Amino acid sequence: MLFLLFLHKLRYAPQNPLSLTSLLFFFFLFSPCLFLDHLFPTSFHFRCYCQHVEVTHLHTLAPIQLYWVFFLFGVIREFLMAGGPFTSLFRIYASRNNVHSARVLLSNQNFRSMNQFNNWVLEIHQFSPSFDVPCRQFSTSLVDIVHSHSTLKNPQFSIFNPADARPFSSSVDDEDGNRVKLNEKKSLDSVEDGVLEGVDGNSVGAGDANESCVCDSMVIEEKQTDDVEGGNNIVGKKNLAFRDPVDLYRELRTAEKNDNLKRSDWDTLQDIFSCFSKSGWAADQALGIYIGKSFFHTAVNRFRNFFFKKCSADLAMHLVSLGASDKAVRFLFPIFVEYCIEEFPDEIKRFRNMISSADLTKPHTWFPFARAMKRKIIYHCGPTNSGKTYNALQKFMEAKKGIYCSPLRLLAMEVFDKVNALGVYCSLYTGQEKKHVPFSNHIACTVEMVSTEELYDVAVIDEIQMMADSCRGYAWTRALLGLKADEIHLCGDPSVLDIVKKICSETGDELYEQHYERFKPLVVEAKTLLGDLKNVRSGDCIVAFSRREIFEVKMAIEKQTNHRCCVIYGALPPETRRQQANLFNEQDNEYDVLVASDAVGMGLNLNIRRVVFNSLSKYNGDKIVPVPPSQVKQIAGRAGRRGSRYPDGLTTTLQLEDLDYLIDCLKQPFENVKKVGLFPFFEQVELFAGQLPDISFAHLLEKFGENCRLDGSYFLCRHDHIKKVANMLEKVQGLSLEDRFNFCFAPVNFRDPKAMYHLHRFAALYSIKVPVSIAMGMPKGSARNDAELQDLETKHQVLSVYLWLSQHFKKEIFPYKKKAEEMAIDIADLLGQSLIKACWKPESRQGGNPRPQQKEDGHERHKGDGYRRPNSLVKIYEKKRQEKELLQGHSQKVVV
Ligand SMILES: Nc1ncnc2c1ncn2[C@@H]1O[C@H](COP(=O)(O)OP(=O)(O)OP(=O)(O)O)[C@@H](O)[C@H]1O
């Protein structure tokens, strides 16, 4: 009755503090309980295996009140249900105002099955529905261990807590959404109704066990031992399935030697252990007790030796009856756990420390100052050319103090110019330059450079869908989580809307959605260019996905028609891209066609009438693949722009056969992104390095990738390029960990050996504390052929790296910043001049995209004009899809 009254009070007056008398009463009653945790070994035990009971949305409850609820609930319930004295003990994890989670430390409940435990937690739900207490399920095998007391003799038990185990991050999604395997990554949470399940449940990639490890004391008997399978043993076998694995382990431990068995039985046991060693499920579960995957096989081998030395006939026969199966693996696993805990305390401790130092869970807690603010997030959600950025920028300009975060240096520069032109003083801050405008309160920066220290009234994060970018996504995630701004405007397509909602619910920020439609719908021209570039018209933008293709198309158009082409691609400096864009936008010249790569998809203000896809496949660094629909949409959406010469947008393809794919892509709704990128700060990597002091930086990053823990909404961004730079700098002595970390983020094209050489030189000079020189001559004039053009591009790259380093390291070590800036401007200018007159055959960069001569690159010759286009991979892709559908249809028919 009292309890109900208490609950009533809690429900209707949750903010009321408890009286002093109540608190004293509570302390008086509850303090003995706190000791129970240490007095009774069961509490240790329970802590080891019992699950986390997450309690969320308890903002209205003070922690002390929740203590009360659980405490009284425990008391009353135990009296009513168990008829005995209470022994339930909960630990509440709480800050001053909020309760994060509650964990059951002690209970006199004897959970005989997983269901029983779940029902018990469900009762808590029913009892206090407003508390929203989701429960994590846990393993039945481990439930059995919960009741055992014997392992408590082992002091190592208190050092780990499998309930804390979280999914590991060892794989990331690549650009195309494919899983890139760094290491098998499985959730430990996927436990179904009392059965501990790995993600796939099968043995996956666990690698080969060290089969050569032989048990020296194995006794092999050739004679028949009929009585082993006698009636008693059948009973024994049945019992064994229900025996406490801890007891089984103790018996094994205390056994003098193994019982004699038939050779065939030993063989079966060998097979079972081999199966155990290869089991992905067992390797995953072992992570829960901090047996790492690299140590798992050693642990299994040692366990096998131990087992073979000691195993009884009963136990062996039970396992033999199960055979080399999942059942046998699951039966053995808890015994293996006991063995590991006792045998490998140091390895467990080491791995545990390593794991906790690579903890990337709960990234919203990394920015306490942003969390202390009540931020208002406005998501401007819509397709390209719908006015999202325009509206967000209006708010930015109206604010007293604002920051605009851009995906590209080019776009940051555009906003910087535009805003200043409108009379709002704005500074520019990118990796390469810092232009401070006196009296400015506004900043346009690249998203990587955003400060999470400064306080702003309004922040704009453009192209927010880039949070899901496999390489750079972490910068957007960091900006969203860490920006200290009262109002944050996110502009982007709807693909990350759901995940932003989730993040806002975690951060406690208010989210408002503003949806947009395109000003004018994009129209697909069904006629296409019929494979003939002569059909190009003024205002067209031909999109090609490689530098080679771009120059080939430009040459073909200029040869076959009277149009002149501007060129835009990623390797060009932003200044050159802008110069080419201006040339194209201006009406009083002959440059009325644009040939561009996917770099045209973002940032530039272009007067495009029609976007024509030269092909819809591209080289992804590994192979040629169809261009993802989201990218097709983004690029096609550049056609037509409000207020421009061409407000109505058109799009089509060069080849008729690519048209269906284009239409398919445009029809597809935006994909709902499930995860966004994350990358550790230097401090996190440094902490992790403390656990592995003697390994190279590249290896350290790899280890971090394998061992870091992430929440379900995040993936670890790809860092292959960082590792490549780290490898190159390995031999440079005298660089601190922080220096290496910073050098690895320098914006260098690792496929360009010249640029890599210069970066290496910069690092080597830096390491001996010598002022770093540019040591690169200025080219004499504009490029006369493609090799010279590439040389200009590389030179600009090197200068860009120098400028970047001068911003990220001490100025004294990079004293030639000014000179580098001047040289970069001159080279960008030369590049512009070179492009205007470019009419040569493109060359491949060393180690770059496959050459056209290579047969496997899928290029075909085009009407004898020297121009090649990729075979329609889309067509091949479509054909494969149809074949697959046919096959599926066929198999469905067979099933029917
Ligand atoms: N209310 C408006 N008044 C005048 N011009 C506008 C208005 N809204 C948008 N525009 C113009 O329309 C064009 C497209 O707008 P904006 O760049 O904001 O679109 P977006 O949805 O952010 O597209 P993208 O994703 O391609 O950047 C711009 O040139 C912008 O100046």
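Our subject is the structure listed above.
For clarity, every value in this text was computed on a predicted model and none was experimentally measured.

What counts and how
- Residues numbered from 1 in each chain as written.
- Predicted model: local features only at pLDDT ≥ 70, side-chain atom pairs only at ≥ 80, totals over all residues.
- Heavy atoms only, no water.
- Near = heavy atom within 4 Å.
- Polar contact = N/O pair within 3.5 Å; in protein donor to acceptor, adjacent residues only side chain to side chain.
- Areas by Shrake-Rupley, 256 points an atom, 1.4 Å probe, with all protein chains shown as cover.
- Nonpolar A, V, L, I, M, F, W, Y, C, P; charged D, E, K, R; others polar.
- Helix = DSSP H or I, 4+ residues; strand = E, 2+ residues; numbered from the N terminus.
- Axes fitted to C-alpha atoms, helices over the stretch in contact; angles between N-to-C directions.
- Parallel < 35°, antiparallel > 145°, perpendicular 65-115°, else oblique.
- Left-handed = near helix turned anticlockwise from the far one by under 90°.
- Contact = heavy atoms within 4.5 Å.
- Pairing = 2+ DSSP bridges.
- Buried < 20%, exposed > 50% of the residue type's maximum accessible area, 1.4 Å probe, protein only.
- Lys, Arg positive; Asp, Glu negative; His and termini not counted.
- Salt bridge = Lys/Arg side-chain N within 4 Å of Asp/Glu carboxyl O.
- Arc of directions from axis to C-beta.

On to the site of the ligand, then. Around the ligand, a shell composed of 14 residues is seen, among which Asn385, Ser386, Thr389, Tyr390 and Arg638 lie nearest. Between Ser386 and the ligand, the recorded distance is 2.9 Å, taken from a backbone N or O atom to an oxygen atom. Considered on its own, the ligand offers 620 Å² of accessible surface; in the complex 80% of this is hidden by protein. Considered class by class, the residues forming the shell around the ligand number three nonpolar, six polar and five charged.

The phi dihedral of Leu530 is positive, around 50 degrees, even though this residue is not glycine. Looking at where Leu530 falls in the secondary structure, it is placed in the loop between strand S18 (523-524) and strand S19 (540-543). Of note in this structure, Lys769 is not a glycine but carries a positive phi near 60 degrees. Among the structural elements, Lys769 can be located in the loop between helix H28 (753-767) and helix H29 (786-808).

Turning our eyes to something else, we now look at the packing of helix H26 (residues 720-728) against H28. Packing of H26 against H28 brings their axes to within 10 Å, and their N-to-C directions diverge by 55 degrees. As judged from the angle between their axes, H26 and H28 are oblique. The handedness of the crossing between H26 and H28 comes out as right-handed. Counting all contacts with H26, which are made through Lys724, Val725 and Met728, the residues of H28 involved are Met756, Leu759 and His760.

Let's shift gears to the sheet that holds strand S13 (residues 434-435). Strand order in the open sheet formed by eight strands is S13-S12-S14-S11-S15-S16-S10-S17, and the pairing between neighbours is mixed. Of all strands in the sheet, those bounded by a partner on one side alone are S13 and strand S17 (510-515). Relative to strand S14 (residues 442-446), strand S12 (residues 426-429) runs parallel, the two being bridged by four bridges. Paired with Ser427 across the bridge in S14 is Ile443. Along the sheet, helix H16 (residues 388-398) makes contact with strand S10 (376-381), strand S11 (402-406), S12, S14, strand S15 (455-461) and strand S16 (484-492), crossing S16 at roughly 165 degrees.

This part is about the side chain of Glu463. Looking at the element boundaries, Glu463 is found in the loop between S15 and helix H18 (473-482). It is Arg638 that comes nearest to the buried, bridge-free Glu463 among opposite-charge side chains, at 5.4 Å. A distance of 2.8 Å separates polar atoms of two side chains, one belonging to Glu463 and the other to Gln465.

Throughout the structure, instances matching the rule amount to 32 salt bridges. Residue Asp417 is joined to Arg578 by a salt bridge in which the shortest nitrogen-to-oxygen separation is 2.4 Å. In this pair, Asp417 sits in helix H17 (residues 409-421) while Arg578 sits in helix H21 (residues 574-585), placing the two residues 161 residues apart along the sequence. The residue Lys520 makes a salt bridge to Asp648 at a minimum N-O spacing of 3.1 Å.

Strands sit in the order S18-S25-S22-S19-S21-S20 across an open sheet of six strands; the sheet is parallel. In this open sheet, the two edge strands, each paired with only one partner strand, are S18 and strand S20 (564-568). Direction of pairing for S19 relative to strand S21 (residues 591-596): parallel, over a ladder of three bridges. Residue pairing across strands places Cys541 opposite Leu594, the latter belonging to S21. Running at roughly 150 degrees to S20, H21 makes contact with S19, S20 and S21 of the sheet.

Next up on the list: helix H23 (residues 659-667). Within the span of H23, buried status applies to Leu659, Tyr661, Leu662 and Cys665. All buried residues of H23 lie within an arc of 160 degrees about the axis, which places them on one face of the element. Turned more than 90 degrees away from the buried face of H23 sit Asp660 and Lys667, all of them exposed.

Residues Leu650 and Thr652 point to one face of strand S25 (residues 650-653) and Thr651 and Thr653 to the other, with burial holding for every one of them. Across two bridges, the pairing between S18 and S25 is parallel. Paired with Val524 across the two strands is Thr651, which belongs to S25. The pairing of strand S22 (residues 610-613) with S25 spans four bridges and is classified as parallel.

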